[in-house]
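Structural overview for review
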Amino acid sequence: MELATRYEPQEAEAAIYALWLANHCFKATPDSRTPYCITIPPPNVTGALHMGHALNHTVMDTLGRWKRMLGFNVLILPGTDHAGIATQAVVEKKIRAEEKKTRHDLGREAFVEKVWEWKEEYGNKIVSQMQRLGASYDWDRLRFTMDESYVEAIHTVFEKLYTDGYIYIGERMVNWSPGFQSVISDIEIDNREEDGSLWHLRYPYSDGSGHIIVATSRPETMLGDTAVAVSPKDERYKAVLGKTITLPLVGREIPVLADDFVDPAFGTGAVKITPFHDPNDYEMGNRHGLERIEVIGPDAKMTAHAGAYAGLDRFEARKRIVADLEALGLVEKIEPYRHAVPYCDRSGAVIEPRPSSQWFCKMGGTEMVNTSIEVVRDGSIRFLPERYRELYLRWMENIRDWPISRQLWWGHRLPVWRKTDANPEEASSWVFARTKAEAEAKLASPDILQSDDVLDTWFSSALWPFATLGWPHTEADLNYYYPTSLLSTAQEILYLWVARMIMTGELFIGKKPFDDVYIHATVLDEHGRRMSKSKGNGIDPVELIDLYGADALRFALAREAGQRQDIRFKPVKAGKQEQVEQARNFANKIWNASRFVMMNLEGFEPSAAAPTPTTLVDRWILSRLATTVDAVNEGFATYNIDDASRALYEFFWSDFCDWYVEAAKPRFAAGDESAKTVLWFVLERALRLLHPILPHLTETLWQALPGAKEAAGCDFLMQAAFPQDLPYRDEAAEAEWEMVQEITVAIRNVQAVNNLKKGGEAFVAATNPDVLEGNRAIIEFLTRFTLVIGDGPSDGYLQPTRFGDVRLPRPEVTPEELATEKLRIESDLAKIELDLGVLNKRLDDPSFAERAPEAVVTKTRTQHAELLDKQSKLTERLGQLSTPSAQ
C-alpha cells in the first residue's frame, strides 16, 4: 500500500472507521479474558457534541483501546438519555414554531408521540458525532433510557423502593420552573451573577413605638411575610423580641422572633420571613410554626393573597410594591447588590423556590446510603483526583431526601395509580402497578388514574451500569462485565448521578457499580470562563474535526487530560485553532516520517524477532523507546493521559524523527540491514504506542507498513499487543548519546550564530574522545563539518558544553562581526548570571537540602557547577575579543 504524499484526515478517518465497523472490531462478548468495561455517561438525546463530551470520549476511548491492546476483553457500551426536560423543551419549541401550538393544545398522548417522532429523526445525531471522534464502542449494544427492557428495570427498582418504604409522597421546598411548571434538579439551574438591589424597608411596630428595618433582594415576597427574625445574640434587638409588626401594604400583624440562622452582619441584622417563597425561611417557619402564605403562584404571577397586586407578573409587582412603599416613606435606602440569580437553563425563567407536594426517595440513614458511604470510605471505589472522595463523603453524610417526581410529559411516568375520587395527597391512596390492568386489580375498581408526574431523569440514569447489561432478566453480561471498570465523568454530576449509581448498584446488585471514578477536567475558554451558548464562547468540536481531523482534536485534548481540573482552550480565529493545529502538525510529522521510513524499506523483510542493537545510536533509540513505553503505560494507568501524550510527542518528534532517522540516513544509503531492522521495529512499536490517542492515523500507517500484520499476528493495529517492559533500557547508551547530541547541537549553534560556511573543521576538546570517535560519521553527517578531536585555535568561536569545548576556526572577520560576537557573549553571560542567581538562592536555603529529594539537590548542584564553568570560558573568550590579538 503506497502512502499519499499528504495526509488527508477526513478521508482516512472515515475509511478506517468504516473498516473497523465492517470487521466488528468493537464487538465484545464474554470469554475467558479479564474484562474491562465502561458504560459511557449517556449524553442527552437532544444533544450535540461539545468540548466536554469530546474530552471525555477521548479519555474513555484512549483507555479502552489501551486495555484492548493489553489483552483485556473490552466493552465500551454506548447509549443516550431521554433527558426529560431538555427533550420536552426542544419539541415544545419546534411545535410552537411550526404549528403555533402548545403541548396542551395537542394533549399528552399526541405530544409524547411527537417527541418519539423527533427522537427517531434527530435523536442519534450525537451518536454519529461520537463515531466521527473515533469511539471504539460496541454499537450493537446501543441503549436508550426508554428502551422497553430499560423501562422494566426502572419498574423493578421503583417497586422495591416503594414496597420497602423508601418512596413516599410529601411536601418539601423545591426548585420550581415557571416556564415548565415543574420541579427541576440543581444541574438544570444556571446561577448567573447579576447586579441587583438590596432594599432596606421600614416595618412599623404595631404599638407605634417605631420601626425595624429589614433588608431584602425580593420585595415582591413581602406580601407573604409571617415574621421578622433576628439573631438571639444581637444586642440591638433584644428589647423588641416578642413585639409585633404591622406588615405594610397588607396590615397583617406578624411577630419579631429570634433564630440562630440569622446573620447579624447581613443587612440590618433583621430579616423578613416568607416561609412559602424562600428555602431558609421555610425551615425557620417550620421551627416556629409560622403560617405559609403563597403570594406568587406556579405561573410566577401574584395570587389572590397578594391583594391589590393579584394577577401581576412577579417582577412587575416588584416595581409597584417598591413604588408604593416609597410613597409611604417606608424605604430606608436601596443599595447595589451583586448576587446569584437562579435561572432554568432550558426555559430561561427565573426559578421560584416553593413548597410542593412531590414524590421523594428517603436518603439519610438508610441502608442504601450507608452502604454507599462505606464502599467509598474503605477504598473499594477509588476517586481520581482523590479530593473528590472527601467531597462525596461529606455530601452523602449530609444527604437530604431526593425529590424524584417531575411535572413533565416526556419521561418515565410514575408507575403509581389511585382511584379517581381518592385524595392524591394521601400516600394510602396510591398503589404500584406496571399496567392499568394490574392497577385495576389492586384497587378493585375500573375508575382509576395514573400519576401525571414523570420520574426525575437522574432516577433512570442511576441504573445505567447494570440496566444496560441486561438486568433484571439476563445475567451473562452482568456477571462478566459488572462491576464496570471505570466511570469517567464531569464534576458537576458527582452528586446527581455518581452517588446515585453507587446507591442503586449496592442495593440492587449487592456490588459497587465501578472500580474507579475519574473526574475529568472542565474545558474553559482562554480566559478561564465556562463555555456556554449564552456567553457565546463555546467551541464546536465538530468544526475542529472538519478543520483538522478527529485525531488532531483527540491529541490536543489528551495533552491536557491529567488530574488538573480545568483546561483552557483558545477560540477558533480566521479558521484556525492553535492547540488543535499544533496537534495536526504532529500528526503530519508522524505521517511524513512514516512515509520516509517505508520508502527506505523497499525490499526489506522484517522479522517478528526483536532486534539486537550493535551501534550506539541503535542502543540509544531502543532505550528511549523502552523508557517511553514505561512512561505511556504509567500515564494511562494513573489517569495522567497528559503525561503519556507528552512522552509520546517528545519521543516521536525529537528522539525518533529529529535524531534517529536523521542519523540513520547514511546507513540507509549504504544498505545497512541492521539500521532498517531497528528502524522498522521502532516505527512499528511507536505506532502501537500512539494508537490509543491517534487511532485513525496510526491504523492507516500500520496497514501500509510491510510485515506489520505478520509480526503482530492480527489484521488490525487496534488488536496488536501494546508494548510493555521492553528489555532495552540502557543508561550508558543514553549518557553517551547525550554527549553526541550536545556536541552536534553546539557545532550547529556556533555555525548558525556566526553565519559560518559549512564544510570546515570543528574542534572538540572532548572529555570522552572515544565516544566522539566512534560516532564521527554521524556527527559529520549531521553538522557537515569535519570533526577534529583537540583544542583548536584559541581565538576560534567558542561554545562550552558539559562534554568539552567546541571551537570553530574564525575566518577573517571585520570589526562589525567581532562586535556582534561580543554582544552575543555578553547576552549569554547575562542569562547565566540570572540563572546562577536562581540556583544560588535555592542552594543557600538550608531547607532546600533538607526537604528536597536527594536527586533534585544533586541535579541543582550539577547545574550550578556547569554554569560556573560556562561562565568562566565565555568570560575568557570575551577578554580575548577585547585584546588586539583577537582582531
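Quick notes on the rules
Within each chain, residue numbers correspond to sequence positions counted from 1 in written order. Residues qualify for local features only when their pLDDT is at least 70, as the model is predicted, and side-chain atom pairs are given and counted only at 80 or more; totals for whole chains, interfaces and linings, by contrast, use all residues. Side-chain calculation: all heavy atoms of the structure are included, whereas hydrogens and water are not. Among buried residues, those of type Ala, Val, Leu, Ile, Met, Phe, Trp, Tyr and Cys that are joined through side-chain atoms within 4.5 Å constitute a nonpolar core. Under the scheme applied here, a residue whose accessible area is under 20% of the maximum for its type counts as buried, over 50% as exposed, and between as partly exposed, the area being computed with a 1.4 Å probe on protein chains only. A run of DSSP states H or I qualifies as a helix once it reaches four residues; a run of E qualifies as a strand once it reaches two. Both are numbered from the N-terminal end. The contact criterion used throughout is that any non-hydrogen atoms of two residues lie within 4.5 Å. When DSSP finds two or more bridges between two strands, those strands count as paired. Interaxial angles span 0 to 180 degrees and are taken between N-to-C directions of axes, which are lines fitted to C-alpha atoms, for helices over the stretch in contact. Any Lys or Arg side-chain nitrogen located within 4 Å of an Asp or Glu carboxyl oxygen qualifies as a salt bridge.

Some details on the nonpolar core
Phe-569, Phe-652 and Phe-656 are the most contacted members of the largest nonpolar core, which totals 135 residues. The dominant element in this core, judged by the number of residues it contributes, is helix 21 (residues 641-669), at 13 residues. In contact with Phe-656, not counting residues within four places along its chain, are Val-597, Ile-621, Phe-651, Val-661, Leu-679, Val-682 and Leu-683. Membership of the second largest hydrophobic core comes to 64 residues, among which are Leu-75, Leu-455, Trp-471 and Leu-487.

Describing the sheet that holds strand 12 (residues 270-273)
Strand order in the open sheet formed by four strands is 10-11-9-12, and the pairing between neighbours is mixed. Only two strands of the sheet have a single neighbouring strand rather than two, namely strand 10 (244-246) and strand 12. The average angle at which neighbouring strand axes cross in this sheet is 30 degrees, direction not considered. Taken strand by strand, helix 8 (residues 279-288) contacts strand 9 (227-230), strand 11 (253-258) and strand 12, and its axis lies near 80 degrees from that of strand 12.

Examining unusual backbone geometry
Between Trp-471 and Pro-472 the backbone carries a cis peptide bond, its omega angle lying at 10 degrees. Examined against the element boundaries, Pro-472 turns out to sit in the loop between helix 14 (464-467) and helix 15 (476-481). Look at the link from Tyr-482 to Pro-483: it is a cis peptide, with omega at 0 degrees. Relative to the helices and strands, Pro-483 is located in the loop between helix 15 and strand 22 (484-489). In this structure, His-24 takes a positive phi of about 55 degrees despite not being glycine. By the secondary structure assignment, His-24 is in the loop between helix 1 (9-22) and strand 1 (35-39). For Asp-725, which is not glycine, the phi torsion reads 45 degrees and is therefore positive.

Some points on the pattern of salt bridges
Scanning all chains against the criterion turns up 65 salt bridges. Two residues, Asp-164 and Lys-160, come together in a salt bridge whose shortest N-O distance is 2.7 Å. A cluster of three or more residues bridged by salt bridges with shared partners is formed by Arg-218, Glu-220, Arg-314, Arg-318 and Glu-352.

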